[in-house]
Amino acid sequence: MEGNTKLRSIPITTEEVLGAYYEVRKHGQSAGIDGVTMTKYEEIKVDELYKVWNRLSSGSYFPPAVRRTEIPKGHGKMRSLGIPTISDRVAQTVVKKHLEPMLEPHFHRYSFAYRPNQNAFQAIEQAKKQCYQKAWVIDLDIEQFFDNLDHELLMQALNKHAPPKWVVMYVERWLKAPIEQVDGTHTLPAKGTPQGGVISPLLSNLYLHYTFDKWMELHYPEVVFERFADDIIVHCSSEQEAVDLLSHITERFLDCGLRLHSEKTKIVYCKNNRGHRKTWPCSFEFLGLKFNSYRTQNKKTGNTFTGFGPMDLSRKSTQRILDVLRSKKLTRRTSGTLADISAELHSHLRGWINSYYGRIDLRLLRNVFRYLNDRLVCWAVNRYKRFNCSKWKTRLWLRKIVSDYPHLFLHWTYGYLP
């Protein structure tokens, strides 16, 4: 790809394609329908990236089929993901980098997902402040959003920003790209965008910008909300406002081809009035956290009051972490040592503590740490016969290990001891 000076009708350079490849390489090994993983692609990247550039810049790029796969999402249900080939992910990244600067300045300040300088931590912090100030929350759950996104409405939204014709052309091709189902058959999508495509988050933000963000700004400019992709929390000052607004939002989504999940969408009460607490749910889950009420104390006056915020992991987050720990089968690994277990768990613990949950509040992980310590106790009981199946004696022994090696397990360093 070096030294290419050919002029093309579409202003895409070989440098852009190579840069897009390096970005794609950071985000996983998954293969598309061609079965080519990132390891294999590295060996053939020169030829493949040249093909991507040649076809993109000449207008002759047509995306291959997207491989559909399903992953568990809890309660026996499955979530469908669409996995493009690596070359197609590179092509999508190139076009996304041309399109994103045109759209980004127009997105709403309460939209936090998949945007430069916006993130989940900001959404959570705003939600905490709003729950303290306002007593009512509408927790919106869009039913199968990525599968039901209307292509015609999306293209209307895209054309509002007058992108180059070649950008519009490629977006249309990706929306219409065939999908290879789990059984190997191919289907042509009439709506939706693959959850797993590189450009899909940007397109979903654009769709919900006009479906929800802009509509709220126009009709309810005083109402504060947090939207992280299709995960939406709306704050209201009264019960009646929440009831009326939910009705209007439901109609708005129906007008835009989307449906709110009847069981998961709910109005939540965030204060301490006993009558309201008996009538309405008093907790909701947002970005992997469970928001609910708690008793706290004013440090200056000593008075206690009811707060509301993220006090625990969501059910899904807890289950996901515990599944990782259970998969290690710690209690059966009696031929190894504590150091072996520590080495295997270190990257997981570091991720949970440093990357997300621990950065919000380490106390969110207290039940996870308690469970892990219990597993270590059971491991020691099975490993050393001298404990005679006594968990009390085993805990004393583990405490001695902690005093000698306080950094052996990362959560011990933070005071979560067996």
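The text that follows walks through the structure, step by step, so that each part is easy to find.

### A word on the overall build of the chain
1) Next: Check the secondary structure of the chain and you find 16 helices and 11 strands.
2) Next: Put simply, the chain has 418 residues, and 46% of those count as buried.
3) Next: Sequence separation of at least 24 residues holds for 66% of the intrachain contacts in the chain that already meet a minimum separation of 6.
4) Next: When the accessible surface of the chain is totalled, it reaches about 21,600 Å², and 50% of it is carbon and sulfur.

### Side note on the sheet that holds strand β9 (residues 283–286)
1) Next: Spatially, the 3 strands line up as an open sheet ordered β9-β10-β11, and their pairing is antiparallel. Edge positions in the sheet fall to β9 and β11 (304–313), since each has one partner strand and no second. Taken pair by pair, the neighbouring strands of this sheet meet at an average axis angle of 40°, ignoring direction.
2) Next: Sheet topology places strand β10 (residues 289–297) next to β11; 9 bridges connect them, and they run antiparallel. The partner of N292 across the bridge, within β11, is G309.

### Notes on the sheet that holds strand β7 (residues 231–236)
Pairing between sheet strands relies on hydrogen bonds along the backbone, with the strands arranged either parallel or antiparallel.
1) Next: In space, the 4 strands of this open sheet follow the order β6-β7-β3-β8, with antiparallel pairing throughout. In the strand order of this sheet, the two ends are held by β6 (225–228) and β8 (266–269), each with one partner. The sheet shows a mean angle of 15° between the axes of neighbouring strands, direction not considered.
2) Next: Of the pairings in the sheet, the one linking strand β3 (residues 136–141) to β7 comprises 6 bridges and is antiparallel in character. By the bridge assignment, V137 is partnered in β7 with H235.

### So, the environment of I341
1) Next: Position of I341 relative to the elements: it lies in helix α12 (residues 338–355).
2) Next: Here the alpha-carbon distance between I341 and K328, two residues 13 residues apart in the chain, equals 9.0 Å.
3) Next: If near-sequence neighbours (up to four positions away) are discounted, I341 is found in contact with L330, L376, W379 and F409.

### Some details on the packing of aromatic side chains
Geometrically, a pair of aromatic rings is defined through the distance of the ring centres and the angle of the planes.
1) Next: Inspection of the entire model under this criterion finds 27 aromatic pairs.
2) Next: Ring geometry for Y61 and Y170: centres 6.3 Å apart, planes at 70°, overall edge-to-face. Placement of the pair is Y61 in the loop between α2 (38–58) and β1 (66–74) and Y170 in helix α7 (residues 165–176), with a sequence separation of 109 residues.
3) Next: With relative accessibility at 5%, the residue Y61 sits in the buried group.
4) Next: You can call Y170 buried: its relative accessible area is 1%.

### Observations concerning the environment of K77
1) Next: Assignment of secondary structure puts K77 in strand β2 (residues 77–83).
2) Next: K77 gets classed as partly exposed once you look at its relative accessible area, which sits at 46%.

### Quick look at the nonpolar core
1) Next: The biggest cluster of nonpolar side chains holds 120 residues, and the ones touching the most others in it are L140, M216, V234, I249, F253 and L365.
2) Next: With 9 residues, helix α14 (residues 366–383) is the single largest residue contributor to this core.
3) Next: In contact with I249, not counting residues within four places along its chain, are L140, F212, W215, M216, V234 and L260.

### Concerning helix α6 (residues 151–159)
1) Next: All buried positions along α6 are accounted for by H151, L154, M155, A157 and L158. Projection of α6 onto a plane perpendicular to its axis shows the buried side chains occupying an angular sector of 160°, all on one side.
2) Next: N-cap assignment for α6: the residue whose side-chain oxygen lies 3.0 Å from the backbone N of E152 is D150.

### Considerations on the side chain of N373
1) Next: The topology assignment puts N373 in helix α14.
2) Next: Engagement of the side chain of N373 in a polar contact is seen with the side chain of H411, the distance being 2.9 Å.
3) Next: For N373, the contacting residues outside a window of four places in its chain are H411, W412, Y416, L417 and P418.

### Comments concerning the state of the cysteines
1) Next: Evaluated as defined, the whole model comprises 0 disulfides.
2) Next: Summary of cysteine pairing: C131 is not part of a disulfide, and the nearest cysteine sulfur, belonging to C270, is at 4.3 Å.
3) Next: C131 gets classed as buried once you look at its relative accessible area, which sits at 0%.
4) Next: Among the cysteines around C256, which has no disulfide bond, C236 carries the closest sulfur, lying 19 Å off.

### A short note on α2
1) Next: Along its 21 residues, α2 runs just 26 Å from first to last C-alpha, ending more than 12% under the 30 Å computed at 1.5 Å per residue.
2) Next: Where α2 bends most, the angle comes to about 80°, and this point is I44.
3) Next: Buried within α2 are the following residues: M38, Y41, K45, L49, V52, W53, L56 and S57.
4) Next: Against the buried residues of α2 lie α1 (14–25), α3 (86–103) and α7.
5) Next: Positive backbone phi, approximately 85°, marks G59, located one or two places after α2.

### What to know about the side chain of H411
1) Next: Assignment of secondary structure puts H411 in helix α16 (residues 410–413).
2) Next: In this structure, H411 is in contact with L349, I353, F369, L372, N373 and Y416, ignoring residues within four places of it in sequence.

About the cut-offs
Residues numbered from 1 in each chain as written. Predicted model: local features only at pLDDT ≥ 70, side-chain atom pairs only at ≥ 80, totals over all residues. Heavy atoms only, no water. Helix = DSSP H or I, 4+ residues; strand = E, 2+ residues; numbered from the N terminus. Buried < 20%, exposed > 50% of the residue type's maximum accessible area, 1.4 Å probe, protein only. Contact = heavy atoms within 4.5 Å. Areas by Shrake-Rupley, 256 points an atom, 1.4 Å probe, with all protein chains shown as cover. Pairing = 2+ DSSP bridges. Axes fitted to C-alpha atoms, helices over the stretch in contact; angles between N-to-C directions. Phe/Tyr/Trp six-rings, centres within 6.5 Å; stacked < 30°, edge-to-face > 60°. Core = buried A, V, L, I, M, F, W, Y, C linked by side-chain atoms within 4.5 Å. Arc of directions from axis to C-beta. Polar contact = N/O pair within 3.5 Å; in protein donor to acceptor, adjacent residues only side chain to side chain. Disulfide = S-S within 2.5 Å. Expected span 1.5 Å × (residues − 1). Bend = angle between axes of the 7 residues up to and from the residue.

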